[in-house]
There are 2 protein chains.
Amino acid sequence: MSFRLGIDLGGTSAKLALVGPHNKIIKEGSVSTQGRSVPKEIIEKLTVEAHRLMKGKKISQVGVGVAGDIDFEKGVIRVSPNLGWKRVPFGRLLAQRLRRKVILDNDANVAAWGIYKTQVSPKVKHMMVLTLGTGVGGGIILNGRVHRGATGTAGEVGHLTMIEGGRQCNCGNKGCLETYSGGLYLTREVRRQLEKGQQSQLRSLFNDNPDQLNPFVIAEAAQAGDPYAQSVWNEVGHYLGVAIGNLIYVFNPEVIFLTGGVSHARDLILKPLWKTLRERAFKVPVGAVKIKIAKNAGHMGVIGASLL
Amino acid sequence: MSFRLGIDLGGTSAKLALVGPHNKIIKEGSVSTQGRSVPKEIIEKLTVEAHRLMKGKKISQVGVGVAGDIDFEKGVIRVSPNLGWKRVPFGRLLAQRLRRKVILDNDANVAAWGIYKTQVSPKVKHMMVLTLGTGVGGGIILNGRVHRGATGTAGEVGHLTMIEGGRQCNCGNKGCLETYSGGLYLTREVRRQLEKGQQSQLRSLFNDNPDQLNPFVIAEAAQAGDPYAQSVWNEVGHYLGVAIGNLIYVFNPEVIFLTGGVSHARDLILKPLWKTLRERAFKVPVGAVKIKIAKNAGHMGVIGASLL
């Protein structure tokens, strides 16, 4: 029987999973990474948890997805803002403790790989994934392989410039796609509008405690017919439509997946997204693409990592 | 000795070349394609010219680059606005006459392939070419292969949306990159500003005959110190910088080439382009890329086609 271990290492927690035949999750675990964690401490915790999961199973290789800028070839975390780490040879350090080969990749690449290997026909050659979480990331599959580019930075779709001089982004630039479709900015913008007196069903939640606002409750309000909340999602869908239209023109993929917390808004995003996409002049590449919401999104990180 | 035939089929003329060892052009020819040409007529003319060039040489395969939307697999010209053709099985028709295998591809892909095979180190894996001509096209090399995408439409960088609701593009959409960096739009915009009374060295040419305005004379005026002409190129470079910044974030290539008539402005474009690129937050992928003006641009079409 073939088993694999996948780890999804984020700034709040690391999820671990023992993955069996047919990409089924056999056992799961997790480890907190919150606070100012030192790499050594996290590696210790991961080692204990990994050994618990791997007990009695033959596992030759461990895959890890990390939020950040990763040197795939060397297994080094160049920068992970979420973990607060710089230049950590994580692959080597974890491999020493686990006595197994460890492969490291960016979390969006890993999620894209997991979706590619479990949710599309093997005939699909070119695919993109946009991870709409707090921020926005992307993973690209071309000719059935993860496209990482010259420095492993490929797929950085969250920071595509949509509007020069537009909304301020945490990256330091303005008008990035992330500022129009990432959960952090989306919520911040709603809060700002409510402060300014915007009419909305969301007001009672906001007045009670502004921290209760998040993409889920904004989607609920839109589904309940709140015009302001609907306009927020129309804007998210529109900007994703412009960005995805550009990505289709350059990559010409067969399928694009949306994943991450914000993508749970589903049709609230997909309808305005397709409205914008259908305005594009070149019908052939736009007509050839399917846009889907990824299934089992919470597990694609660990499954993708296990398949690296 | 190994010889190959390459054909560069455009809306004004078709260039043919017999290419020898080390990608050296041995013999050249050309055929007019201007006016409302019927495919059969063009194929007849090409056959005569091709036989003249191939005489006494062993040639098993002919490559053709065509401006338009090409079905690479089937050798069909889906649409070529420049030639005024739709759904022409050009590959099959020419193969019947030449009694040789004919491979057809989009002209920007062909130029990119020619540049890739003759102007970069074999170590380079990921490369992009932007063809700045009357319009703007693009060719993409990933992992050492032309990336054509699901429908052969990949690399359509000229119609990336730069500014929603921006300048009207011939494609039917607004704000496409082409409208800020293609020769047609560039010249049109200069004419419009001169009509409005813009001060410039270009005025005497314009007053004499507005048709004398073109990217070459606008570049000459800028090199001679004309502030208005310089501002035109600063704008071209800036928008190319924004677009190339986005392309670097998603593709992360090692090198990007500019080619086509507009690229002769060289530093007039490259300086503002780099100024804009250097403002990007993610320094690693931007720092890893080289941006070059292609050499021997007039021959990259036939050489690239001969290498298909």
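Residues numbered from 1 in each chain as written. Chains lettered and ligands numbered in written order. Predicted model: local features only at pLDDT ≥ 70, side-chain atom pairs only at ≥ 80, totals over all residues. Heavy atoms only, no water.

> Mind showing me how you'd approach empty space enclosed by the protein here?
Where empty space is left can be seen by rolling a probe of water-molecule size over the atoms. Tallied over the entire structure, the rule returns two cavities of 30 Å³ or more. Taken as a whole, the largest cavity encloses approximately 130 Å³ of empty space. Residue lining of the largest cavity: 14 residues in total, with Leu160(A), Asn246(A), Leu160(B), Asn246(B) and Leu247(B) positioned closest to the centre. Of the residues that constitute the lining of the largest cavity, the class distribution is 10 nonpolar, four polar and no charged. In this structure, the second largest cavity encloses a volume near 40 Å³. For the lining of the second largest cavity, the class distribution of residues is four nonpolar, three polar and one charged. (1 Å grid on protein atoms, 1.4 Å probe; cavity = no way out; pocket = protein on both sides within 12 Å on 5 of 7 lines; lining within 4 Å. Points joined across faces, edges and corners; volume = space filled by probe spheres on them. Nonpolar A, V, L, I, M, F, W, Y, C, P; charged D, E, K, R; others polar.)

> In this structure, what is going on with helix α9 (residues 267–277) of chain B? I would like to understand it.
Residues and elements named next belong to chain B. Among the 11 residues in α9, eight count as buried, and that is most of the element. Listed in full, the buried residues belonging to α9 are Leu268, Ile269, Leu270, Pro272, Leu273, Trp274, Thr276 and Leu277. Of the surrounding secondary structure, the elements contacted by the buried residues of α9 are β9 (127–132), α7 (215–223), α8 (227–251), β12 (255–259), α10 (283–287) and β13 (290–293). (Buried < 20%, exposed > 50% of the residue type's maximum accessible area, 1.4 Å probe, protein only. Helix = DSSP H or I, 4+ residues; strand = E, 2+ residues; numbered from the N terminus. Contact = heavy atoms within 4.5 Å.)

> Is there a simple way to think about the confidence of the model for chain A in this case?
If pLDDT is low for a region, its predicted coordinates should not be looked at in detail. The pLDDT averaged across chain A works out to 94; a share of 99% of its residues lies at or above 70. For this predicted complex, the interface confidence comes out at an ipTM of 0.93, alongside a pTM of 0.93. (pLDDT = per-residue confidence, 0-100.)

> Quick question: what am I supposed to make of the pairing of β12(B) here?
Consecutive residues of a regular strand have side chains that alternate between opposite faces of the sheet. Residues and elements named next belong to chain B. By the criterion of burial, β12 is predominantly enclosed, with five of the five residues buried. Neither face of β12 is exposed, since Val255, Phe257 and Thr259 on one face and Ile256 and Leu258 on the opposite face are all buried. As paired elements, β9 and β12 share five bridges and run parallel to each other. From the neighbouring strand, Val129 faces β12, where its bridge partner is Phe257. Here β12 runs beside β13; their pairing, made up of four bridges, is parallel. (Pairing = 2+ DSSP bridges.)

> In this structure, what is going on with the sheet that holds strand β4 (residues 61–66) of chain B? I would like to understand it.
What links the strands of a sheet is backbone hydrogen bonding, and the strands pair in either a parallel or an antiparallel sense. Residues and elements named next belong to chain B. Strand order in the open sheet made by the five strands is β3-β2-β1-β4-β8, with mixed pairing throughout. Looking along the sheet, the strands with just one partner apiece sit at the ends: β3 (25–32) and β8 (101–106). This sheet shows a mean twist of 20° between the axes of neighbouring strands, independent of strand direction. Across five bridges, strand β1 (residues 4–9) lies against β4 in parallel orientation. Pairing of Leu9 across the sheet is with Val66, part of β4. On top of the sheet, helix α1 (residues 39–54) reaches β1, β2 (13–19), β3 and β4; it is set at about 160° to β3, its chief contact. Its contacts with the sheet place helix α11 (residues 297–306) against β1, β2, β3 and β4, and it is angled at close to 130° to β1. (Axes fitted to C-alpha atoms, helices over the stretch in contact; angles between N-to-C directions.)

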